[in-house]
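Structural characterization, general
Residues per chain, in single letters:
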Amino acid sequence: MSQPKLLCPGLPNIPWQDRPAGCELPLWRYSENPIIARNPLPGVARIFNSAVAPCEGTYIGVFRGEQINGVPYIYLGRSGDGIHWNFEREKIPFVDRNGESAMPVYAYDPRLVKVEDTYYVIWCQDFYGASIGMAETKDFKTFTRLENPFIPFNRNAVLFPRKIGRLFTMLSRPSDSGHTPFGDIFLSQSPDMEFWGRHRHVMSRSSRWWESLKIGGGAAPIETDEGWLLFYHGVTGTCNGYVYSIGGAILDRDEPSRVLYRCGTFLLTPEEWYEERGFVPNVCFPCATLQDGDTGRIAIYYGCADSYVGLAFTTADEVIGYIKAHDEADETDREPGVR
Ligand code: BMA
């Protein structure tokens, strides 16, 4: 059987560690996790739930910085190796189309996705209630706000890295104004990043314990010859609060509201001190990946306990093989998702 291929460029300097001997998990953690410590910047208590992208031989990222006043905002970071990060002290200065300051009231859980020649930053913000904010940049100096894509309430918007059928394509998770004890992943498309429609259901929470309460898109889907590889989060409710694990699915390349395979077991669940202990315990929250099309290596960035950023590794071969071997996709996953 041929091995699954990542349909993306090579990234020879991708952060990487081989799977440790004796580790049976489909994802293995970086031995030096967490990669960002507490109080990383003056006035910022914690950085977590953040996204990175390759940029001209190095790495750039948008980071959720929880300020000491409790208000989350997005900060820019740069890194030579994807592991050691330097952050700008000031928040990203978003502007409108006229170049006037257009700062959100708060901004959290940013994703960073390049489509064609533009980088898009997508986050959750106040729009008379929690919903999605977006901006574009080509130079990481000017970040121009785009129209808010959805009415409240919505979270976890994740853009695909290319247009599908000439349309920008985005996952999101309709929610409520609070900590949302429900939630399924939907897909929307747009010809211009302004008008969004053609909404489709992708997949719902399931009866499996680790994703029985809600699910939400995580990292931007990775294109492979088997389909779009999606790392998402699945949440369960316990008598002592929510537990966030990382799940995996493979979506149809041309019609990504169809789930081809959905892993019945989690890929990673809180087990290490930095995942189990922190501001919000028991959270593994994936927001980005880097991938090397030449070797199939994948590095996953995930927020840990709303306090740190962790790094985990896998390969296309390992993780796709694992998802297929543990596939529990059902009829509502496989259907096109429109009623
Ligand atoms: C979700 C989001 C995430 C956070 C998680 C756990 O609702 O707000 O930012 O990591 O809760 O607190």
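Our structure is the block above this text.
Residues numbered from 1 in each chain as written. Predicted model: local features only at pLDDT ≥ 70, side-chain atom pairs only at ≥ 80, totals over all residues. Heavy atoms only, no water.

Take the overall build of the chain next. Looking only at helices and strands, one finds three helices and 22 strands in the chain. The long-range share in the chain, meaning contacts at least 24 apart out of those at least 6 apart in sequence, stands at 55%. Here the chain displays about 14,100 Å² of accessible surface, and carbon together with sulfur accounts for 49% of that area. (Helix = DSSP H or I, 4+ residues; strand = E, 2+ residues; numbered from the N terminus. Contact = heavy atoms within 4.5 Å. Areas by Shrake-Rupley, 256 points an atom, 1.4 Å probe, with all protein chains shown as cover.)

Next up on the list: the side chain of R64. Within the element layout of this structure, R64 appears in strand 3 (residues 58–67). The class of R64 is buried, set by a relative accessible area of 9%. Dropping the residues within four chain positions of it, R64 is found in contact with R46, I47, F48, N49, S50, P72, Y73, Y108, D109 and P110. (Buried < 20%, exposed > 50% of the residue type's maximum accessible area, 1.4 Å probe, protein only.)

What follows deals with the site of the ligand. Around the ligand, the neighbouring residues are N49, R64, Y108, D109, Y244, V280, V283, F285 and D306. The contact in question runs from an oxygen atom of the ligand to an N or O atom on the side chain of R64, over 2.7 Å. Contact between the ligand and Y244: an oxygen atom at 3.0 Å from a side-chain N or O atom of the residue. Taken by itself the ligand offers 310 Å² of open surface, and the protein chains cover 84% of this. (Near = heavy atom within 4 Å. Polar contact = N/O pair within 3.5 Å; in protein donor to acceptor, adjacent residues only side chain to side chain.)

Turning next to the sheet that holds strand 5 (residues 86–91). Taken in spatial order, the four strands of this open sheet run 2-3-4-5, and their pairing is antiparallel. Edge strands, defined here as strands with exactly one partner in the open sheet, are strand 2 (44–55) and strand 5. For this sheet, the mean angle separating the axes of adjacent strands, direction not counted, is 30 degrees. The pairing of strand 4 (residues 72–79) with strand 5 spans three bridges and is antiparallel. Within strand 5, the position partnered with R78 by the bridge is N86. (Pairing = 2+ DSSP bridges. Axes fitted to C-alpha atoms, helices over the stretch in contact; angles between N-to-C directions.)

Attention shifts here to the nonpolar core. Looking at soluble globular proteins, one finds that nonpolar side chains tend to be buried together. Formed by 42 residues in total, the largest nonpolar core has its most connected members in I35, W85, L112 and Y301. Listing elements by their share of this core, those giving two or more residues are strand 2, strand 3, strand 4, strand 7 (107–115), strand 8 (118–126), strand 20 (284–291), strand 21 (297–304) and strand 22 (308–315). It is strand 2 that provides the largest number of residues to this core, a total of six residues. Excluding anything up to four places from it in sequence, L112 contacts A51, V52, A53, I60, G61, V62, Y119, Y120, V121 and F140. By size, the runner-up hydrophobic cluster in this structure holds 32 residues, among which are V115, I132, W196 and I215. (Core = buried A, V, L, I, M, F, W, Y, C linked by side-chain atoms within 4.5 Å.)

What follows concerns the packing of aromatic side chains. Per the stated rule, a full pass over the model turns up 19 aromatic pairs. With centroids separated by 6.1 Å and ring planes inclined at 90 degrees, the aromatic side chains of Y30 and F313 adopt a geometry described as edge-to-face. You can see Y30 sitting in the loop between strand 1 (28–29) and strand 2 and its partner F313 sitting in strand 22, a full 283 residues away along the chain. By relative accessible area, Y30 is classed as buried at 12%. (Phe/Tyr/Trp six-rings, centres within 6.5 Å; stacked < 30°, edge-to-face > 60°.)

Attention now goes to the pattern of salt bridges. According to the stated counting rule, one finds 20 salt bridges in the structure shown. Ionic pairing is found between R262 and D333, a salt bridge with its closest N-O pair at 2.9 Å. A residue pair is termed long-range when its members are at least 10 positions apart, and R262 in strand 19 (residues 259–262) and D333 in helix 3 (residues 331–334) qualify at 71 residues. Overall, D333 belongs to the buried group, its relative accessible area being 1%. If you follow the salt bridges from partner to partner, you end up with R208, E211, R262, E328 and D333 in one network. (Salt bridge = Lys/Arg side-chain N within 4 Å of Asp/Glu carboxyl O.)

Its location among the elements puts G264 in the loop between strand 19 and helix 1 (273–276). Here G264 falls in the buried class, since its relative accessible area comes to 6%. As for G264 and E328, which are separated by 64 residues in sequence, their C-alpha atoms are 5.1 Å apart. In this structure, G264 is in contact with R208, W210, H326 and E328, ignoring residues within four places of it in sequence.

With that out of the way, let us pick up the sheet that holds strand 22. The strands making up a sheet associate through hydrogen bonds between their backbones, and the pairing can be parallel or antiparallel. With respect to topology, four strands assemble into an open sheet ordered 1-22-21-20, the strand pairing being antiparallel. Two strands bound the open sheet, and with one partner strand each, they are strand 1 and strand 20. Examined bridge by bridge, strand 1 and strand 22 share two bridges and lie antiparallel to one another. Bridge pairing in strand 22 links W28 to F313. The strands that helix 2 (residues 316–325) touches are strand 1, strand 21 and strand 22; relative to strand 22, the one it contacts most, it runs at about 85 degrees.

Moving on, we get to the side chain of E275. Inspection of the secondary structure assignment puts E275 in helix 1. We classify E275 as buried; its relative accessible area is 0%. Looking at E275, its side chain comes within polar contact range of the side chain of R29, at 2.7 Å. Leave out the neighbours within four places in its chain, and E275 touches R29, L268, T269, P270, P281, N282, V283, C284, Y302, C304 and A305.

This next bit is on the environment of E24. By secondary structure assignment, the location of E24 is in the segment before strand 1. Overall, the relative accessible area of 71% leaves E24 in the exposed class. Sequence spacing of E24 and R78 is 54 residues, and the spatial spacing of their C-alpha atoms is 33 Å.

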